[in-house]
Amino acid sequence: MLRNETAPISAPSRDVPGPSSYWPLGQLAELQRDSTGMLERLVRTYGDIVRFRIFIWQNYLIAHPDHIKHVLQENPQNYHKGFLYEFLKPVVGEGLLTSEDEFWKRQRRIAQPAFHRKVLASLASAMTDETADMVERWREPAAAGKPIDVLAELMALTLEIVSRTMLSTDVAEETDAVRDSVVVLREHVAYRAFHVFTLPERVPTARNRRFHRALSTVDGIVYRMIDERRRDASEANDLLSTLLAARDEETGEGMTDKQLRDEVITVFLAGHETTANALSWALYLLSQHPDVEERLAGEVDAALAGRVPTLEDLHSLPYTRMVIEEALRLYPPAYAFARRAMGDDEIGGYRIPKDATVLLSPWVTHRHPEFWDQPERFDPERFTPERSAQRPRYAYFPFGGGPRQCIGNEFALMEAQLVLAMVAQAFRVRLLPGHAVIPEPAITLRPLGSLPMTLTARNK
């Protein structure tokens, strides 16, 4: 996925170490076969800045927190979103995830109030209501000893949560169509990102026709919701209402329907999938570490005494948050992302040429042995305030950083903490024996296929 159509091999930085490859496609085959493993091996072999080739394009992988800080925080104006985001634009348009420069700054100013903590606080009950329904639905298979696909269940849950909190809408009747469309859109983007030679989307191949049908389905739902909200003068308690009412503090202008559509789909699609992935990895890790699971359940029981959590309870659930943070360290949904250098730069004493692709990988840096003791071990205690304060800021960056840090990070963490607390309150989870869990690094990092688990109701 690491092409850059404006950084040809004719002008590499000879100072940066990296593998020599005479194969015409460079490291493409290895990347497609085992992308996270390949990135780890490159850093382990060549150090914290590595140059490697994909077809005719040079890429620069950086792994040290100081260098990541330079790109994301100290010199962000020189680093625009990389080529991968061009594959996302047919889906999310010019939303906050993909836009740049002054247009991005304007959209961020308008959208920021929608993610203020006071707004998010009003959405917590929708999160717990939907989770309570899921927990109740799980009781029957738990009693029967029947496994469930936790990944599919959490995908459905987070889709319902984002629908209610973003749009004040229950999409139960349309969930199957939306979920199927999301799968097609995600797989389409991943396919185009990982394959050098693909036909343009305007060519009516079977793959492209599936993509356009899926996009039309999602567009139809979102535009209908925007239209209904504009015509309904009543004030709804959701993120869409906040975005509709928001105005640019400098110009007084609001968002057009197209801009609203782009921001809604960005949150609607990307937000629900990444949170579901994070929760799936957290439950998988708990199933492999019963001692951590029991400590988590003990905290939840002491703090909640059997009741549904509220936003005010989150400060009494620090270990719950630490479990989530450690799951995000080991299995960050955004496991790698690219930036394009808009001008020449120097990082760690190495020259980075204009138009180069600079790759940052939370997967790699979150396992950097200089900053993480026994990095492959699951240990939520890494995220006590004392231990966190000892690490550089960008040793851990599951939501990016700098001015382009994910605007929905607090929304996602609040949702994950509430959901995990309610699941731990009700069940012990165990991976189905014999099922191999394999990370699938596509656009986001998710368990390959399914995540079958058995549930045991906890005795109060």
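Chains are numbered independently. Their residues run from 1 in the order of the written sequence. Restriction of local features to residues with pLDDT of at least 70 applies here, the model being predicted, together with a cutoff of 80 or more for giving and counting side-chain atom pairs; totals for whole chains, interfaces and linings are based on all residues. To obtain the side-chain values, all non-hydrogen atoms of the structure were used and water was disregarded.

**Side note on the overall build of the protein**
Consideration 1: Put simply, DSSP marks the helices as runs of H or I at least four residues long and the strands as runs of E at least two long, and each gets a number from the N terminus on. Tallying secondary structure elements over the protein gives 17 helices and 12 strands in all.
Consideration 2: Along the three orthogonal principal directions, the C-alpha set of the protein runs to about 65 × 55 × 45 Å.
Consideration 3: Burial statistics for the protein: of 460 residues in total, 57% are counted as buried.
Consideration 4: Contact definition: two residues touch when any of their heavy atoms are within 4.5 Å. In the protein, the proportion of contacts linking residues at least 24 apart, taken out of those at least 6 apart, comes to 75%.
Consideration 5: Think of it this way: Lys and Arg go in the positive column, Asp and Glu in the negative one, and His and the chain ends go nowhere. Every charge is mapped to an atom, namely NZ of Lys, CZ of Arg, CG of Asp or CD of Glu. Charge centroids of the protein, computed over 55 positive and 64 negative side chains, lie 4 Å from each other. The buried label applies to any residue whose accessible area, calculated with a 1.4 Å probe on protein chains only, is under 20% of its type's maximum; exposed applies above 50%, and partly exposed to all values in between.

**As for a positive patch on the surface**
Consideration 1: Only residues whose relative accessible area exceeds 30% and that take part in no salt bridge are eligible for patches, with like-charged residues grouped when within 9 Å of each other and nonpolar side chains (Val, Leu, Ile, Met, Phe, Trp, Tyr) grouped when within 5 Å. The accessible surface values rely on the Shrake-Rupley method and a 1.4 Å probe; as for residues, cover is taken only from the protein chains in view. Think of a salt bridge as a Lys or Arg side-chain nitrogen and an Asp or Glu carboxyl oxygen that are within 4 Å of each other. A cluster of basic residues, Arg207, Arg209, Arg210 and Arg213, forms a positive patch on the protein surface.
Consideration 2: Along the chain, the position of arginine 209 falls in helix α10 (residues 206-231).

**Things to note about the packing of α10 against helix α12 (residues 257-288)**
A pair of packed helices can be characterised by two numbers: the angle between their axes and the separation between those axes.
Consideration 1: Where α10 meets α12, the axes come as close as 10 Å, and the angle between the chain directions of the two elements is 120 degrees. In terms of orientation, α10 lies oblique with respect to α12. Of the two possible hands of crossing, α10 and α12 adopt the one that is right-handed. Seen from α10, the contacting residues are Leu215, Val218, Asp219, Val222, Tyr223, Ile226 and Arg230; seen from α12, they are Asp257, Lys258, Leu260, Arg261, Val264 and Ile265.
Consideration 2: The residue inventory of the contact of α10 with α12, partitioned by class, reads eight nonpolar, no polar and five charged. Angular values range over 0 to 180 degrees, each being the angle between N-to-C directions of two axes fitted as lines to C-alpha atoms, with helices fitted over their stretch in contact. The scheme is simple: roughly parallel for angles under 35 degrees, roughly antiparallel for over 145, roughly perpendicular for 65 to 115, oblique for anything else. Each helix crossing is assigned a hand: it is left-handed if the near helix lies turned anticlockwise from the far helix by less than a right angle, otherwise right-handed if that turn is clockwise. When residues are grouped by polarity, Ala, Val, Leu, Ile, Met, Phe, Trp, Tyr, Cys and Pro land in nonpolar, Asp, Glu, Lys and Arg in charged, and all others, Gly among them, in polar.

**Considerations on the sheet that holds strand β12 (residues 452-457)**
Hydrogen bonds between backbone groups are what pair the strands of a sheet, and the pairing can be parallel or antiparallel.
Consideration 1: When DSSP finds two or more bridges between a pair of strands, those strands are recorded as paired. Read from one edge of the open sheet, three strands run β4-β12-β9, paired in antiparallel fashion. If you trace the sheet from one side to the other, it starts and ends with β4 (148-149) and β9 (427-431), each paired once.
Consideration 2: Where helix α7 (residues 124-144) meets the sheet, it contacts β4, β9 and β12, and its direction lies at approximately 60 degrees from that of β9.
Consideration 3: Sheet strands in contact with helix α17 (residues 409-426) are β9 and β12, and its direction is about 95 degrees off that of β9.

**Some remarks on the sheet that holds strand β8 (residues 357-360)**
Consideration 1: Across the sheet, which stays open at both edges, the five strands sit in the order β1-β2-β8-β5-β3 with mixed pairing between neighbours. The outermost strands of the open sheet, each flanked by one partner alone, are β1 (49-54) and β3 (79-81). Taken over all neighbouring pairs, the strand axes of this sheet differ in orientation by 35 degrees on average, direction set aside.
Consideration 2: Across three bridges, the pairing between β3 and strand β5 (residues 337-341) is antiparallel. Counterpart to histidine 80 in the pairing with β5 is arginine 340.
Consideration 3: On top of the sheet, helix α2 (residues 35-46) reaches β1, β2 (57-62) and β8; it is set at about 130 degrees to β1, its chief contact.

**Re the pattern of salt bridges**
Consideration 1: Considering all chains together, one arrives at 30 salt bridges under this definition.
Consideration 2: The salt bridge involving arginine 430 is made with glutamate 293; its shortest N-O contact spans 2.7 Å. Note that arginine 430 is positioned in strand β9 and glutamate 293 in helix α13 (residues 290-304), a separation of 137 residues in sequence.
Consideration 3: A residue is classified by how much of its surface remains accessible, and glutamate 293, at 5% relative accessible area, is buried.
Consideration 4: Across the pair glutamate 326 and arginine 382 runs a salt bridge, and its minimum N-O distance is 3.0 Å. With glutamate 326 in helix α14 (residues 318-330) and arginine 382 in the loop between α15 (362-365) and α16 (385-389), this pair connects stretches of sequence that are 56 residues apart.
Consideration 5: In this structure glutamate 326 comes out as buried when scored by relative accessible area, which is 0%.
Consideration 6: What you see here is one network of salt bridges that share partners, running through Asp219, Lys258, Arg261 and Asp262.

**Quick notes on α7**
Consideration 1: By definition here, a helix of n residues has an expected span of 1.5 Å times n minus one. Helix length check: α7 (21 residues) gives 31 Å between terminal C-alpha atoms against 30 Å at 1.5 Å per residue, within 8%.
Consideration 2: For α7, the complete set of buried residues consists of Ala124, Ala126, Met127, Thr128, Glu130, Thr131, Met134, Val135, Trp138, Pro141 and Ala142.
Consideration 3: Next to the buried residues of α7 lie α6 (117-121), β4, α8 (150-167), α17, β9 and β12.
Consideration 4: At the exit of α7 stands glycine 145, carrying a positive phi of roughly 70 degrees.

**Some details on the environment of valine 300**
Consideration 1: Take valine 300: it is sitting in helix α13.
Consideration 2: On the basis of relative accessibility, which here comes to 0%, the residue valine 300 falls in the buried class.
Consideration 3: C-alpha of valine 300 to C-alpha of tyrosine 60: the two residues are 240 residues apart in sequence and 44 Å apart in space.
Consideration 4: Residues in contact with valine 300, not counting those within four places in the same chain, are Ala305, Leu317, Thr320, Ala421 and Gln425.

**Brief notes about the packing of aromatic side chains**
Consideration 1: Each aromatic pair joins two rings of Phe, Tyr and Trp (for Trp, the six-membered one) with centres within 6.5 Å, and gets the label stacked for planes under 30 degrees apart, edge-to-face for over 60, and tilted for any other angle. For the coordinates displayed, the defined rule picks out nine aromatic pairs.
Consideration 2: The interplanar angle of 65 degrees and the centroid separation of 6.4 Å between the aromatic rings of tryptophan 372 and tyrosine 396 together place this pair among those described as edge-to-face. Note that tryptophan 372 is positioned in the loop between α15 and α16 and tyrosine 396 in the loop between α16 and α17, a separation of 24 residues in sequence.
Consideration 3: For tryptophan 372, a relative accessible area of 2% gives the class buried.
Consideration 4: Classification of tyrosine 396 by relative accessible area gives buried; the value is 15%.
Consideration 5: An aromatic cluster is defined as three or more aromatic residues linked by ring pairs; in this entry it consists of Trp281, Tyr284, Tyr331 and Trp363.
Consideration 6: Taking the ring centre of tyrosine 319 as reference, the NZ or CZ of arginine 295 above it sits at 4.0 Å. Consider the ring centre and the ring normal. A charge sits over the ring if Lys NZ or Arg CZ is within 6 Å of that centre and within 35 degrees of that normal.

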